[in-house]
Amino acid sequence: MDPRDQLGDASAPPRLDAAHLQLEELVAELGVRTNAALGAVGRFQVLLDAVVAVGTGLSLPEVLRAIVEGACRLVDARYGALGVIGADRQLSEFITVGIDDETRERIGPLPRGHGILGLLVRDPRPLMLRDLSEHGESVGFPANHPPMRSFLGVPVRSRGAVFGNLYLCEKQSADEFTSTDLELVSALAIAAGVAIENATLYDEQRRREQWIDAIADINRNLLAGEPVEEVLQDIAVRAGAIARADGVRVMLASDDGRLLEIVAAHGEHTEEIVGISVPVEGTAAGQAYLEGVTHIVEDATQDPRVFLPAIAALQPGAVVYVPLRGADRVLGVLSVDNTKGGRPFADMDVDVITSFARQAALAIELARSRRDNDRMRTLEDRERIGRNLHDTVIQRLFAVGMLLQSTIADAAGSQAPRISKAIDEVDATIKEIRTSIFSLATPPKSGVRVEILDLVNEYAERAGFEAHVVFDGPVDTAIDADVARHLVACTREAVSNASRHARASRVEVSVQVADEIVLRVTDDGVGFQAGHDRRSGVANLESRAAALSGTFEITSEPGAGTTIVWRVPTSLDGNGNRRNG
């Protein structure tokens, strides 16, 4: 008998088929588990790689971008972003991955924290959605924004607070994110928080070192003799780098404390604002100056305390006003700003720039002190030179003049006029030396002398004539402000006439102050006759003299030049009191 008959032909194949089928199912299940295990191992390796990439960075911007890129690789997301929460509880920074620069430019300004993004800011808990548009908080996307449906959001904590939120969209290998994705991203967020804290500490340390180096350089330049103006400009440049600001203004208080003058600036359009004065009363800068504390303005264009003429050209948004506090008083204000729509200032920015301002104020005081000392030494030198001229040169000239006068009587007839002319030259030289002595005793860039010298030199340069100016007497001390105004105006009128009409090659101006103030202007021009078109200028000189109880004389002949003499009583006596009431 065939052994196959005993097994039963009908039962053999089904038994073998069932066993084969079970074996195939076992192998398949093992394969699935193996692939799942291999997939888990692969994703775990991606997580480790992301953690390593995030943890090795020290630059905060680089760390933030590494976090977003690692999260996208970890869960196969097409788009990723990290929104940093600012002091105003809105998104101050938004780092994106997956959107190219051209698309980002078409979308427009970065989000500030509305819709789903704002929900995670208000309620920092993980959020996973199959379709963004189905959530009640969704507000849609701006124009030109790529379509996004699946969403995964996880908060990132650092230093015990929520630093920002990690947003992931459009899982490429599935219709939605999974709980495993959530766990992996949450684990990455924990590592990211540690990395952010390390990068923040490193950034703080580096910025503090930066302002220490800046102050050291400024002080070094001061000791090397750098002018105050350059020190102020250097402070503006360094402050911009330390605060990471788009614009900086250094404002110093006026003597009466009513204005803050912009003496240095850094950034775009700064040439338009240097020299502008900001009123102290009613302004944010004035508050910082008067109170001696830092003031922050979130939007300069919307805050009525901002003096817009001094800042509008910079197109500012956020502005920080920091007092420049010296040893015993506030010298002015240092302000830093970022362009409207740009980055708001973080607490670290404010802390660093406040510390820098305190040191910068001391540098400004040092610069001012050094400048005052230099001026004092200059004035002492000028006084010494003037004293030597008065005690030696003038006395010797007096002696020469006296000697010449004693010889006139004994001189021959033809020699007497020559000796007399020599005496006149000696007298003129003495007057010129006295003028120099008074100029040396007067601080530079101030007083009637300087005004008259400046205007005469200006006309001489413009018309090409030779100018000769002599002062005799206390011009800068014995003439009050009202008379000085008339005197300068009459000098301008007389020199202008000589420049425009006389075609003079030489103009002599003398101002003598004794019991009366005498202005004499002589030119060697073409002269004029009565009724000439210069009569309106002459009338002006006459009216000004009459207003001060003075007189005016003019002598001129065609071809013989012109001499005007304008005289008024001295308004102050020797004790500085007004003579006429």
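This is a predicted model, so every value here is computed, not measured.

Glancing now at the sheet that holds strand S4 (residues 151–158). The strand order across the open sheet built from five strands is S2-S1-S5-S4-S3, with neighbouring strands paired in antiparallel fashion. Pairing within the sheet leaves two strands with one partner each, and these edge strands are strand S2 (91–97) and strand S3 (127–129). Neighbour-to-neighbour, the strand axes of the sheet open up by a mean angle of 15°, direction not taken into account. Where helix H3 (residues 60–75) meets the sheet, its contacts fall on strand S1 (77–85), S2 and strand S5 (161–171), and the angle it forms with S1 comes to roughly 145°. Contacts between helix H5 (residues 115–122) and the sheet are confined to S1, S2, S3, S4 and S5, with S5 contributing the most and set at about 145° to the helix.

This paragraph deals with the pattern of salt bridges. Where charged atoms from two side chains of opposite charge come close, those side chains can pair. Counted under the stated rule, the structure contains 15 salt bridges. A salt bridge links Glu-137 to Arg-122, with the shortest nitrogen-to-oxygen separation between them at 3.3 Å. With Glu-137 in the loop between S3 and S4 and Arg-122 in helix H5, the pair connects residues that are 15 residues apart, well separated along the chain. The exposure class assigned to Arg-122 is exposed, which follows from its relative accessible area of 55%. Two residues, Glu-516 and Arg-567, come together in a salt bridge whose shortest N-O distance is 2.6 Å. Pair noted here: Glu-516 is in strand S14 (residues 516–523) and Arg-567 is in strand S16 (residues 562–569), with a separation of 51 residues, a long-range link. Ionic contacts of the salt-bridge type, sharing partners, join the residues Arg-130, Asp-175 and Glu-176 into one network.

Moving on: the side chain of Ser-335. As for its placement among the helices and strands, Ser-335 is situated in strand S11 (residues 330–339). For Ser-335, a relative accessible area of 0% gives the class buried. With sequence-adjacent residues up to four places away left out, Ser-335 is seen in contact with Gly-247, Val-248, Arg-249, Met-251, Val-319, Val-320 and Tyr-321.

Rules behind the numbers
Residues numbered from 1 in each chain as written. Predicted model: local features only at pLDDT ≥ 70, side-chain atom pairs only at ≥ 80, totals over all residues. Heavy atoms only, no water. Pairing = 2+ DSSP bridges. Helix = DSSP H or I, 4+ residues; strand = E, 2+ residues; numbered from the N terminus. Axes fitted to C-alpha atoms, helices over the stretch in contact; angles between N-to-C directions. Contact = heavy atoms within 4.5 Å. Salt bridge = Lys/Arg side-chain N within 4 Å of Asp/Glu carboxyl O. Buried < 20%, exposed > 50% of the residue type's maximum accessible area, 1.4 Å probe, protein only.

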